[in-house]
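For reference, the chains in residue letters:
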Amino acid sequence: MSQFPIARRRLLQSVGAGLLMPGLAPAVLASVKDRPQLTDGVQAGDPFGDRAMVWSRCDRPAKLVVEWDTQSMFAQPRRVTSALVTAASDFTGRVELTGLPAGQAIFYRAWFEDGNTGVASEPWFGHLRSVPAQARDIRFVWSGDTVGQGFGINPDIGGMRIYEAMRLRLPDFFIHSGDTIYADGVVPAQLTTENGRVWRNLTTEAKSKVAETLGDYRGNYRYNLMDENVRRFNAEVPQIWQWDDHEVTNNWSPSKQLDERYHTRDIQQLVAPARQAWLEYSPMRPQAGDTGRRVYRRIPYGPTLDIFVLDMRSYRDGNDANLSDKMDANSAFMGRAQLDWLKAELAASTAQWKVIAADMPIGLGVPDGEVSPGVGRWEAIANGDNGPAKGRELEVAELLGHLRQQQVKNTVWLTADVHYCAAHHYHPDRAAFQDFDPFWEFVAGPLNAGSFGPNPLDMTFGPELVFQKAPPAQNTSPFAGFQFFGEVNIEARSGELTVTLRDLDGVAVYEKKLAPV
């Protein structure tokens, strides 16, 4: 693929550490102790047409300034300045770069200017690849689950190394499939793992307890941004974020019963500050829906690819036995508004490939305790009965039936959540519900968390287990290497889409090539 040489990427980051490139003259310079501090690097996100978002954070009220150019020497930079960032957003800010030429390398530099004095911080440098207008080869990666089960930033192994493995694949962008933080997961100084091996963590006050306040949730994001691999990755790979449960607490739904670690028993008292912190720290383009709090959205990426980013958390009803015979509020998962949006957007898409980024799998049983003795409670879509669609499965049945009726082809589902990797092929000949065309679902993760699985398959939609790689025991540490990300390559000439599942070191463990229909 035509991408930036790694040597140049490393040069850019050394520059971002504090050296000024020729032509950079931001506002007023001052001594280091008087200058604003760009505290957490930069992130780019949600590339869309001739646009992309750039995010950063300061240590005081200031304005985020971003300059971009198609050349690394910034001979003709274009500048964008944010409104004043304040404590109301934890001093996070974002700007939207506009007028980007299609399909080109975009270099950018970001700094903050003090809201009172105009004094400028040192700059941080990043780059991205703008959305193509014509068909070209595309590569992107996806995964989920960062800093789970107490496995945080371990300096003994170089921190969260899987982010470096993804960066070295030179992807056009990254889909974070949810569990961007583990707000309910304490990070202790050390953990004893398999064979008595000790895992050491960097620790912070925010990760010493479960998150309950807005400050707690913000501290979880700042913890992840302490990792050098993450900051380097963020500056070089645009991201498309979605959220799942651990951004609030494990398996949350309206019926969630909080445990004794929490001072409140009302789950809604956690959801509001958790959502605010996620929106502050994600490099996402603000959405108009749901008074600016909407997560689901479509990201078109040239004529070859549309990405449909789902929110399987915000609109669900309470986790229960998931056996309702009718689709109503009690069986909601995506919810009526999102389901209708997804049906319409998929039917209207002219892209060759339609990737559905789901924060939870379709056919894997994800248990959440019991409703009553012997009656399971379910966290995801499947209900474990292998029969006709019921409960949350009814939404999926309606969607799949609509895609068949509208002759929507070349859909691929990508997900994470279950902390192992797998490839599933769904076919009506094996299914209890048969009104759909065959499709593939690929699972990857975790990024830096305990490894689990494998989970049982529910046969309502006829999945076949084609491949899986899971740990030998539940909650296996990252030491064991069962950390995974997925990679998608779309070849412009043939139109073929290839999915590769890769491990902690970027080594391929499975590959599947799909030809467009």
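Residues numbered from 1 in each chain as written. Predicted model: local features only at pLDDT ≥ 70, side-chain atom pairs only at ≥ 80, totals over all residues. Heavy atoms only, no water.

Description of the packing of helix H7 (residues 336-348) against helix H8 (residues 393-405)
Geometrically, a packed helix pair is captured by the angle between its two axes and the distance between the axes. Put simply, the rule is: Convention adopted: a line fitted to C-alpha atoms gives each axis, helices being fitted over their contacting stretch, and angles between N-to-C directions are expressed from 0 to 180 degrees. The helix and strand labels rest on DSSP assignments: H or I over at least four residues marks a helix, E over at least two residues marks a strand, and numbering proceeds from the N terminus. Just so you know how the angles are binned, under 35 degrees is roughly parallel, over 145 roughly antiparallel, 65 to 115 roughly perpendicular, and the rest oblique. Should the near helix be turned counterclockwise from the far one by less than a right angle, the crossing is left-handed, whereas a clockwise turn marks it as right-handed. Residue contacts are counted whenever heavy atoms from the two residues lie within 4.5 Å of one another.
Orientation of H7 relative to H8, taken along the N-to-C sense of each, is 20°, at an axis distance of 10 Å. In terms of their interaxial angle, H7 and H8 are classed as roughly parallel. The element H7 and its partner H8 pack so that their crossing is right-handed. From H7, Arg336, Leu339, Asp340, Leu342, Lys343, Leu346 and Ala347 reach across to H8, where they touch Glu395, Glu398, Leu399, His402 and Leu403.

Thoughts on helix H5 (residues 268-281)
Cut-off, in case you're wondering: To estimate how far a helix should extend, the number of its residues minus one is multiplied by 1.5 Å. Each residue gets one of three labels from its accessible area relative to the maximum for its type: buried under 20%, exposed over 50%, partly exposed in between, using a 1.4 Å probe on protein chains only.
Taking 1.5 Å of rise per residue, 14 residues should cover 20 Å, and H5 covers 20 Å from first to last C-alpha, within 8% of that figure. The buried count for H5 comes to 10 of 14 residues, which makes it a mostly enclosed element. For H5, the full list of buried residues reads Leu270, Val271, Pro273, Ala274, Arg275, Ala277, Trp278, Leu279, Glu280 and Tyr281. Packing partners of the buried residues in H5 comprise strand E1 (38-48), strand E2 (51-58), strand E5 (92-97), helix H3 (214-224), strand E12 (239-241) and helix H6 (289-292).

Examining the packing of H3 against H5
Contact pair H3 / H5: the axes reach a minimum separation of 8 Å and the direction vectors enclose 35°. The element H3 and its partner H5 pack so that their crossing is right-handed. Contacts between H3 and H5 involve Leu214, Tyr217, Arg218, Tyr221 and Arg222 from the former and Leu270, Pro273, Ala274, Gln276, Ala277, Trp278, Glu280 and Tyr281 from the latter.

Brief notes about the pairing of strand E17 (residues 375-378)
Defined as follows: Pairing between two strands requires that DSSP report at least two bridges joining them.
Pairing geometry for strand E16 (residues 367-372) and E17, over 3 bridges, is antiparallel. Residue Glu370 lies in a different strand from E17, and its bridge partner there is Gly376. Here E16 hands over to E17 after 2 residues, with Gly374 in that stretch at a positive phi of 85°.

Thoughts on the UniProt feature "domain: Phospholipase D N-terminal" (unreviewed entry) in the protein chain
So the rule is basically this: UniProt positions are given in the numbering used here, feature names are shortened, and annotations may be inferred rather than shown by experiment.
When the UniProt feature table is mapped onto this chain, "domain: Phospholipase D N-terminal" (unreviewed entry) is found at residues 41-129. What you have in residues 41-129 is 0% helix and 61% strand, and the ends, taken at the C-alpha atoms, are 18 Å apart.

Describing the packing of aromatic side chains
Heads up, the rule is: Aromatic rings from Phe, Tyr and Trp, taking only the six-membered ring of Trp, are treated as a pair when their centres fall within 6.5 Å; an angle between ring planes under 30 degrees marks them as stacked, one over 60 as edge-to-face, and anything in between as tilted. Only when the NZ of Lys or the CZ of Arg is both within 6 Å of the ring centre and within 35 degrees of the ring normal is a charge said to sit over the ring.
Evaluated as defined, the whole model comprises 24 aromatic pairs. With a centroid separation of 4.9 Å and an interplanar angle of 55°, the aromatic rings of Phe173 and Tyr301 are classed as tilted. Here Phe173, found in strand E9 (residues 173-176), pairs with Tyr301, found in strand E13 (residues 297-301); they are 128 residues apart in sequence, far enough to count as distant. One exposure class covers both Phe173 and Tyr301, and it is buried. Geometrically, the ring pair formed by Trp199 and Phe479 is edge-to-face, given 4.9 Å between the ring centres and 65° between the ring planes. Of this pair, Trp199 sits in strand E11 (residues 198-200) while Phe479 is found in the loop between strand E21 (463-469) and strand E22 (485-490), placing the two residues 280 residues apart along the sequence. Within the aromatic cluster, the residues linked to one another by ring pairs are Trp55, Tyr221, Trp241, Trp243, Trp252, Trp278 and Tyr281. Against the face of Trp68 rests Arg78, its NZ or CZ located 4.1 Å from the ring centre.

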